[in-house]
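Geometric and topological summary
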Amino acid sequence: MNQRICIAPQRGFTLVEVLVALAIVAIALVAGSQATSALVTNSTRQTDVMLGHICAQNELVKARLARELPSYGDNQSVCEQAGRSYQVVTTVSPLPNPQFRRVDAQVFDERYPVIRVSTIVGRY
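Residues numbered from 1 in each chain as written. Predicted model: local features only at pLDDT ≥ 70, side-chain atom pairs only at ≥ 80, totals over all residues. Heavy atoms only, no water.

Quick word on helix 1 (residues 15-65)
For helix 1, built from 51 residues, the straight-helix expectation of 75 Å at 1.5 Å per residue is met to within 8% by its first-to-last C-alpha distance of 75 Å. Where the residues of helix 1 are buried, they touch strand 1 (73-81), strand 2 (84-94), strand 3 (100-109) and strand 4 (112-122). (Helix = DSSP H or I, 4+ residues; strand = E, 2+ residues; numbered from the N terminus. Expected span 1.5 Å × (residues − 1). Contact = heavy atoms within 4.5 Å.)

Listed below in structure tokens is the structure:
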């Protein structure tokens, strides 16, 4: 009696194939988390710039609406926008024409500069 044993080919993945698949998934997850982190950072920066621009414009409008030319020098103030606190440094400097002054408003978030906006103020 001649018996033939038929062994069916085994199905499934080898250990090497599983490890390669896990490595590919890990690389994709790391890339995705870095992209998400970059999006969050850019969104925070954009929010800071927008709110800082509002603070700077407020200081420049104060200078334009004053009845007299602002005095030379620096002035610091705090601006609260959307629950965040910004430091605004307003600098008034002379121009060649004494009827005009340059006013710069620079906004800082903690210790980092956010935005700088300038205008010219003249005598009315």
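Some words on a nonpolar patch on the surface
Residues F13, L15, V18, L19 and L22 make up a contiguous nonpolar surface patch of roughly 570 Å² in combined accessible area. With respect to the helices and strands, the residue F13 is situated in the segment before helix 1. With relative accessibility at 71%, the residue F13 sits in the exposed group. (Patch = residues over 30% accessible without salt bridge, like charges linked within 9 Å, V, L, I, M, F, W, Y side chains within 5 Å. Areas by Shrake-Rupley, 256 points an atom, 1.4 Å probe, with all protein chains shown as cover. Salt bridge = Lys/Arg side-chain N within 4 Å of Asp/Glu carboxyl O. Buried < 20%, exposed > 50% of the residue type's maximum accessible area, 1.4 Å probe, protein only.)

Some words on the state of the cysteines
Under the definition given, this model contains one disulfide. What pairs with C55 in a disulfide is C79, and their sulfur atoms sit 2.1 Å apart. Residues C55 and C79 are joined by a disulfide whose S-S torsion is about -80°; by sign, that bridge is left-handed. Residue C55 is found in helix 1, and its partner C79 is found in strand 1; the two are separated by 24 residues along the sequence. Look at C79 and you get buried, because its relative accessible area is 10%. (Disulfide = S-S within 2.5 Å.)

What about the environment of G122?
Along the chain, G122 turns up in strand 4. We classify G122 as buried; its relative accessible area is 18%. Along the backbone, G122 and E68 are 54 residues apart, and their C-alpha atoms lie at a distance of 8.8 Å.

Observations concerning the pattern of salt bridges
By the definition in use, this model includes three salt bridges. Measuring nitrogen to oxygen at the nearest pair gives 2.6 Å for the salt bridge that ties D48 to R84. Of this pair, D48 sits in helix 1 while R84 sits in strand 2, and the two are 36 residues apart along the sequence. Look at D48 and you get buried, because its relative accessible area is 9%. Judged by its relative accessible area of 32%, R84 falls in the partly exposed class.

Details of the side chain of R101
Examined against the element boundaries, R101 turns out to sit in strand 3. At 2.3 Å, the side chain of R101 forms a polar contact with the backbone oxygen of P70. Side chain to side chain, R101 and Y72 meet in a polar contact 3.1 Å long. Not counting residues up to four positions away in its chain, the partners in contact with R101 are L69, P70, S71, Y72, V92, S93, L95, T119, I120 and V121. (Polar contact = N/O pair within 3.5 Å; in protein donor to acceptor, adjacent residues only side chain to side chain.)

So, the sheet that holds strand 1
A sheet is described by the order of its strands in space; here four strands give the open sequence 1-2-3-4, paired in antiparallel fashion. Taken across any chain shown, the strands that pair with only one partner, and hence form the sheet edges, are strand 1 and strand 4. Neighbour-to-neighbour, the strand axes of the sheet open up by a mean angle of 20°, direction not taken into account. Direction of pairing for strand 1 relative to strand 2: antiparallel, over a ladder of nine bridges. Paired with D74 across the strands is T91, a residue of strand 2. In the packing of helix 1 onto the sheet, contacts are made with strand 1, strand 2, strand 3 and strand 4, and the angle to strand 4 comes to roughly 25°. (Pairing = 2+ DSSP bridges. Axes fitted to C-alpha atoms, helices over the stretch in contact; angles between N-to-C directions.)

Worth remembering: the numbers are spatial, not functional.
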